[in-house]
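Chain by chain, the residues run as shown.
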Amino acid sequence: MSEKMPVASALRRTGLTFALGALGGTLFYAIGLPASWLAGAMIFVAAAALARVPVDLPDRMRDGFFVILGLSMGGGVRPDVIDRVAQWPATMALLAVTLVLVTAATYVFLFRFARWDRESAFLGAIPGALSFVMAIAAERRADQARIAASQTVRLVILVSVLPLVITSTASHGQQPAVPEAFPGWADGAVLLVACLAASLLAVRLRVPGGWLTGAFFMSSAINVTGLMPVALPQWILVPCYIGLGCFIGSRFSSTTFSLFLGMLKASLGAIVVGLCVSLAVAWIASVLLGLPFGQLLLAYAPGGLEVMTLLSFMLNLDPAFVAAHQLARYISMVLLLPFITGLLLGRRPNESRTGRN
């Protein structure tokens, strides 16, 4: 949100955004859809943004939502997490396979069938890490609007579709529910301060999704060691779900409706291709390793680290497993993507010109 915007206008815009999100979340909840507060808020605010309604949330409010959600998600990390870490090398290896296959399949679709240029098709095919991908797109003078719209549409579709896919599987109902016992106001204050400190440290160290992941890892450690119960009541969590949905939906504020329609066909095709690959690998891993299909799907899905981890918590799956795999995916892309981009697409345009002079 612009710092120059008058306070009254900023408050009105924030209030309108949150009201639209709450309306969408309430409607989805009444219908009985999974992840209703998050998905409903996201879709209603996205629709408003495309209709040129001024929607936005302050960055600090968004960061606060991430801290509270990360704190709460630690309650979903069960004490047997250490025993289950032995399964992670095999699933991490399959994650690497998934990352390569999803990127390759999506690139082929965007380049061959959607007729995107090579650079836009490659960067639009990268699963997640939108801010990092956009930085590379700016350096290479690729079509940033097209890439941003494609990546945002992918996240919106994943948040809308994955809960329905996961809850429809037979194995999902076997997962234990996350406890909702509030630790008490004194313990809760200590827990909040500890998680906020961890989030600030994570942001300072540039950990991906630092506001959420810092609080999540801190609360997970506290929960696993049994120092205090980690859980928050729904009356605290629901506004955070709505706020996160509003934040995702407001990404469309810079996208015109005509641009959105132009990107929709290619984006839908790209997400179908990528999701099919993720579904196939998750199913194979579930059969071979005996792990819940939904948990593997969220770990391999080409979506954002914070949102996929949050969905695992909301659907009573294993947030530690999903967070570890999504974090590994993000870090591997940050480390390898600049090298791979240069290898596959050649030097940046300005570098090529410099080399010829």
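Here the structure is shown first, and the text comes after it.
What counts and what doesn't
Residues numbered from 1 in each chain as written. Predicted model: local features only at pLDDT ≥ 70, side-chain atom pairs only at ≥ 80, totals over all residues. Heavy atoms only, no water. Bend = angle between axes of the 7 residues up to and from the residue. Helix = DSSP H or I, 4+ residues; strand = E, 2+ residues; numbered from the N terminus. Polar contact = N/O pair within 3.5 Å; in protein donor to acceptor, adjacent residues only side chain to side chain. Axes fitted to C-alpha atoms, helices over the stretch in contact; angles between N-to-C directions. Parallel < 35°, antiparallel > 145°, perpendicular 65-115°, else oblique. Left-handed = near helix turned anticlockwise from the far one by under 90°. Contact = heavy atoms within 4.5 Å. Nonpolar A, V, L, I, M, F, W, Y, C, P; charged D, E, K, R; others polar. Core = buried A, V, L, I, M, F, W, Y, C linked by side-chain atoms within 4.5 Å. Buried < 20%, exposed > 50% of the residue type's maximum accessible area, 1.4 Å probe, protein only. Expected span 1.5 Å × (residues − 1).

Caption draft 1: Representation of helix α15 (residues 319-345) in the model. Maximal helix bending in α15 amounts to about 45 degrees, located at Leu336; proline Pro338 follows within four positions. The backbone nitrogen of Ala320 has a side-chain oxygen 3.1 Å away, supplied by the residue at the start of α15, namely Asp318. Of the residues flanking the end of α15, it is Gly346, one or two places downstream, whose phi is positive at about 85 degrees.

Caption draft 2: The packing of helix α3 (residues 59-73) against helix α10 (residues 210-225), seen in detail. The geometry of α3 relative to α10 is characterised by a closest axis approach of 7 Å and an angle of 25 degrees between their N-to-C directions. It follows that α3 is roughly parallel to α10 by the angle criterion. Considering the relative orientation of α3 and α10, their crossing is right-handed. From α3, Arg60, Asp63, Phe66, Val67, Leu69, Gly70, Leu71 and Met73 reach across to α10, where they touch Trp211, Leu212, Ala215, Phe216 and Ser219. Partitioned by chemical class, the residues of the contact of α3 with α10 number nine nonpolar, two polar and two charged.

Caption draft 3: Geometry of the nonpolar core. In this structure, Ile248, Leu298, Met308 and Leu310 are the most contacted members of the largest nonpolar core, which totals 82 residues. By size, the runner-up hydrophobic cluster in this structure holds 13 residues, among which are Leu99, Phe122, Met333 and Leu337.

Caption draft 4: Local environment of α10. Taking 1.5 Å of rise per residue, 16 residues should cover 22 Å, and α10 covers 22 Å from first to last C-alpha, within 8% of that figure. For α10, the secondary structure elements touched by its buried residues are α3, α9 (185-204), α14 (305-314) and α15. Just downstream of α10, Gly226 is the residue with a positive phi angle, here 75 degrees.

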